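A closer look at the structure
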Amino acid sequence: MKIAPFLTSLVVAVWVIAIAIISVQNATPVSLKFLTFQSIKIPMGLVLAFSAGVGLIGMALLQPLWGLASFGQRNSRLEDDAEFFVDDEDF
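About the cut-offs
Residues numbered from 1 in each chain as written. Predicted model: local features only at pLDDT ≥ 70, side-chain atom pairs only at ≥ 80, totals over all residues. Heavy atoms only, no water. Patch = residues over 30% accessible without salt bridge, like charges linked within 9 Å, V, L, I, M, F, W, Y side chains within 5 Å. Areas by Shrake-Rupley, 256 points an atom, 1.4 Å probe, with all protein chains shown as cover. Salt bridge = Lys/Arg side-chain N within 4 Å of Asp/Glu carboxyl O. Helix = DSSP H or I, 4+ residues; strand = E, 2+ residues; numbered from the N terminus. pLDDT = per-residue confidence, 0-100. Buried < 20%, exposed > 50% of the residue type's maximum accessible area, 1.4 Å probe, protein only. Contact = heavy atoms within 4.5 Å.

**Quick notes on a nonpolar patch on the surface**
- On the surface, I3, F6, L7, L10 and V14 cluster together into a nonpolar patch covering about 470 Å² of accessible area.
- Along the polypeptide, L7 turns up in helix α1 (residues 3-25).

Listed below in structure tokens is the structure:
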């Protein structure tokens, strides 16, 4: 049994439960303001849930891109390290 997917699912489940509890407790309507824009009044719990969802989806989409960027750096780093290793049998 692989433990990493289980732990990932457990962490996500705990976050979803925590957001649900906070959402129920924070039913006060709020209005978001950004520069000159203002939203309609929506419950604070809904704002928290939406923000957490956007964060989870954003990180899921960006994570493969970070993997590709570090893959290119890792290969060049290995090639640079290879220059410093000398085989003693050639001398």
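Picking up after the structure, the text goes on.
**Regarding the confidence of the model for the chain**
- Chain-level statistics for the chain give a pLDDT mean of 76 and a share of 73% at 70 or above.
- For the chain, per-element mean pLDDT is lowest for helix α2 (residues 44-82), which scores 72, and highest for strand β3 (residues 37-38), which scores 88.

**Quick notes on unusual backbone geometry**
- The backbone of L35 sits at a positive phi, close to 55 degrees, despite the residue not being glycine.
- You can call L35 exposed: its relative accessible area is 73%.

**With respect to the environment of V47**
- Turning to its location among the elements, V47 is positioned in helix α2.
- Separated by 18 residues in the primary sequence, V47 and P29 have C-alpha atoms spaced 9.6 Å apart.
- Each residue touching V47, except ones within four places of it in the same chain, is listed here: V30, L32 and I42.

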